There are 2 protein chains.
Amino acid sequence: MKAIIFDAYGTLFNVNSIDERLHHYYETHATELAAIWRRKQLEYTWLRSLMGRYKDFYALTTDALQFAATQLQLEISEAITADLMARYYELKIYPEVKKSLQQLQQKYRLAILSNANPELLERAVKFNDIGSSIERIFSVHTIREYKPFPGVYDLPASGLQLKKQDLLFVSSNTWDVAGAKAAGLQVAWIQRKGGVMDILDQQPDFVFADLGGLLTIKT
Amino acid sequence: MKAIIFDAYGTLFNVNSIDERLHHYYETHATELAAIWRRKQLEYTWLRSLMGRYKDFYALTTDALQFAATQLQLEISEAITADLMARYYELKIYPEVKKSLQQLQQKYRLAILSNANPELLERAVKFNDIGSSIERIFSVHTIREYKPFPGVYDLPASGLQLKKQDLLFVSSNTWDVAGAKAAGLQVAWIQRKGGVMDILDQQPDFVFADLGGLLTIKT
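Counting restarts for each chain, with residues numbered from 1 along the sequence as it is written. Chains carry letters and ligands carry numbers; both start at the beginning, A for chains and 1 for ligands, and go up in the order they are written. Only residues with pLDDT of at least 70 get local features here, since the model is predicted, and only at 80 or more are side-chain atom pairs given and counted; chain-wide, interface and lining totals rely on the full set of residues. Side-chain measures here rest on the full set of heavy atoms in the structure, leaving out hydrogens and waters.

A. Main features of the environment of Lys-163 of chain B. Residue and element names in this part refer to chain B. Every helix listed is a DSSP run of H or I at least four residues long, and every strand listed is a run of E at least two residues long, numbered separately from the N terminus. Examined against the element boundaries, Lys-163 turns out to sit in the loop between helix H8 (155-160) and strand E6 (167-171). Between buried and exposed lies partly exposed: a residue is buried under 20% and exposed over 50% of the maximum accessible area for its type, with that area taken using a 1.4 Å probe on protein chains only. For Lys-163, a relative accessible area of 54% corresponds to the exposed category. Considering only alpha carbons, one finds Lys-163 and Thr-45, 118 residues apart in sequence, at a separation of 27 Å.

Structure follows, in structure tokens:
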């Protein structure tokens, strides 16, 4: 194992950082709005990739927010949309992430593989000051297909000039775990929310409560 | 316009027919169980098609039910699973469907295009005694890709030996409306639940409250 490739949202970055701002604008509707927004954001990545109608992550996330507001019959101005979307540039990392990356980079090359636009990822990495641990940021934007399309999971091996079997992919999202595994990578599932593994006939090689568990892997 | 192609679940058949049985087994948990089951059922079609890991609709619907029960920490035996899945063979049609199909078949060739296994569809058609109105049943099972993969929407034109522009596709599911439209079909959205159109940069040609509206189209 020579490199560890991290999913971004839910794995390194906590998207709940946006909830506070949603609550500021929508109070009692914030929780339901957040749930629909996130579900539609994911659905739109899958649907657009299947339809062959790629649209970048920032743009489809804006569409998903608009849908969620419309469904709940809430007013959403351009200013509020822009303010909420701007939070993606300043998502906080989970508490153990910075230290774990610093320790892991002693043994492995580290990279990110995400659905998000390169600029979103670069700015969130910089905001959290973890850029010195991350060698490369891979985005699906390069090939205009979203996870779990298998070609997405080929990007890191190709970009780092390593073999697939030299990589470990790390994600808290169980459908992403299944996608990477089906594409031939070794995979660690970060079970942050005590969630249930999706039933897609794929199982992770490792399961950890947080990134700290990666330090225990014998290689 | 020479033929009308109907989506099955939510458009012709009311999947809520299963809810009564869910309530029999799970009472206060039934609503939440039904919601997770249906969401996962759809997600698994999209994810498996993207992953290139097709599994038939009956089998992945069983997986989705298992996932939903596990997530809610409910026991589900093989007997209960089999009983719930058997309801798919006996889904009821919406109240206006039978009469609308009888009237539409005077003017158009009628067919179904669905994610479901051919056997599921054939038995549900027979159960509701609408077989004499439906000339053909097209299933994604033929090409092992799920909606909204564009190739799926090519099946009816090819099977009926018609041009795409001679077809009208009809669905209550907004992502399915968008998929068919992106694939080059004319589309009518049956807005059964007063729902919101998904934001996928595609709009239906017609919007009706139920199938009765199709009778008003001038061709």
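The rest of the description comes next.
B. Representation of the environment of Arg-192 of chain A. Residues and elements named next belong to chain A. Its location among the elements puts Arg-192 in the loop between strand E7 (186-190) and strand E8 (206-208). With 181 residues separating them along the chain, Arg-192 and Thr-11 place their C-alpha atoms 8.1 Å apart. Excluding anything up to four places from it in sequence, Arg-192 contacts Gly-10, Thr-11, Tyr-94, Glu-96, Val-97, Ser-172, Ala-209, Asp-210 and Leu-211. A distance of 2.8 Å separates a polar side-chain atom of Arg-192 from the backbone oxygen of Thr-11. It only takes one pair of heavy atoms within 4.5 Å for two residues to be counted as in contact. Whenever a nitrogen or oxygen atom comes within 3.5 Å of another N or O atom, the pair is scored as a polar contact, on the condition that within protein one atom can donate a hydrogen and the other can accept it, and that pairs from neighbouring residues in sequence are kept only if both atoms are in side chains.

C. A look at the pattern of salt bridges. Between Lys or Arg on one side and Asp or Glu on the other, a salt bridge is scored when a side-chain nitrogen of the former is within 4 Å of a carboxyl oxygen of the latter. Taken as a whole and judged by the stated rule, the model has 36 salt bridges over all chains. Arg-38 of chain B is the salt-bridge partner of Asp-19 of chain B, the closest N and O atoms lying 2.7 Å from each other. Of the two residues, Asp-19 of chain B is situated in helix H1 (residues 19-26) and Arg-38 of chain B in helix H2 (residues 30-51); the sequence distance between them amounts to 19 residues. A relative accessible area of 28% places Asp-19 of chain B in the partly exposed class. Of the charged contacts, one joins Asp-129 of chain B and Lys-98 of chain B as a salt bridge, the two residues approaching to 3.4 Å between their closest N and O atoms. Separated by 31 residues along the polypeptide, Asp-129 of chain B in the loop between helix H6 (118-127) and strand E5 (136-139) and Lys-98 of chain B in helix H5 (residues 97-104) bring together distant segments of the chain. Residue Asp-129 of chain B is classed as exposed on the basis of its relative accessible area, which comes to 52%. Classification of Lys-98 of chain B by relative accessible area gives partly exposed; the value is 29%. Bridged by salt links that share partners, the residues Arg-39, Lys-40 and Glu-43 of chain A together with Asp-198 of chain B form one connected network.

D. Region of the structure containing the sheet that holds E5 of chain B. Residue and element names in this part refer to chain B. Should DSSP find at least two bridges between two strands, the strands are regarded as paired. The strand order across the open sheet formed by 6 strands is E5-E4-E1-E6-E7-E8, and the pairing between neighbours is parallel. Sheet topology places E5 and strand E8 (206-208) at the edges, where each strand pairs with a single neighbour. On average, adjacent strands in this sheet sit at an angle of 25 degrees to one another, irrespective of strand direction. Here strand E1 (residues 3-6) pairs with E6 via 4 bridges, running parallel. Directly across from Ala-3, in E6, lies its bridge partner Leu-167. For every element, the axis is a line fit to its C-alpha atoms; helices are fit only across the contacting stretch, and the angle between N-to-C directions ranges from 0 to 180 degrees.

E. Focus on the domain arrangement of chain A. Residues and elements named next belong to chain A. Where each domain begins and ends is defined by an automated method or by a domain database. Assigned domains within chain A: domain 1 (3-14 + 91-216) and domain 2 (15-90). The gap between the C-alpha centroids of domain 1 and domain 2 is 23 Å. Each partner contributes residues to the interface: domain 1 has 21 residues there, and domain 2 has 18 residues. Together, the buried faces of domain 1 and domain 2 total about 1900 Å²; carbon and sulfur atoms form 60% of this surface. Accessible surface is computed with a 1.4 Å probe, and the buried area is the amount of it that two parts give up when combined, taken over both parts together. Interface area lost by domain 1 to domain 2 is led by Leu-91, Leu-120 and Tyr-146, which between them contribute 37%. Sorting the residues of the side of domain 1 that touches domain 2 by element identifies strand E2 (13-14) and helix H6 (118-127) as the ones contributing at least two each. Per-element tally for the side of domain 1 that touches domain 2: the top contributor is H6, with 5 residues. Its residues assigned to classes, the side of domain 1 that touches domain 2 shows 11 nonpolar, 4 polar and 6 charged. Each residue is assigned to one class: nonpolar for Ala, Val, Leu, Ile, Met, Phe, Trp, Tyr, Cys and Pro, charged for Asp, Glu, Lys and Arg, and polar for all the others, Gly among them.

F. Examining helix H2 (residues 30-51) of chain A more closely. Residues and elements named next belong to chain A. Every helix has an expected span of 1.5 Å times one less than the residues it contains. The first and last C-alpha atoms of H2 sit 31 Å apart over 22 residues, in line with the 32 Å expected at 1.5 Å per residue. Of all 22 residues making up H2, 16 are buried, and the element is well covered by its neighbours. Downstream of H2 by a residue or two, Gly-52 has a phi angle that is positive, lying close to 70 degrees.

G. A look at the sheet that holds strand E1 (residues 3-6) of chain A. Residues and elements named next belong to chain A. Spatially, 6 strands are ordered E5-E4-E1-E6-E7-E8 in an open sheet, and the strand pairing comes out parallel. The open sheet is flanked by strand E5 (136-139) and E8, the only strands paired with a single partner. The sheet shows a mean angle of 25 degrees between the axes of neighbouring strands, taken without regard to direction. Across 3 bridges, E7 lies against E8 in parallel orientation. Along E8, the bridge assignment pairs Ile-190 with Phe-208. Across the face of the sheet, helix H8 (residues 174-182) comes into contact with strand E6 (167-171) and E7 while running at roughly 175 degrees to E7.

H. Representation of helix H3 (residues 57-71) of chain A. Residue and element names in this part refer to chain A. End to end, H3 covers 21 Å across 15 residues, agreeing with the expected 21 Å (1.5 Å per residue, within 8%). Contact partners of the buried residues in H3: H2, helix H4 (78-86) and H6. With a side-chain oxygen lying 3.0 Å from the backbone nitrogen of Tyr-58, the N-terminal cap of H3 falls on Asp-56. At the C-terminal side of H3, Gln-73 shows a positive phi close to 55 degrees.

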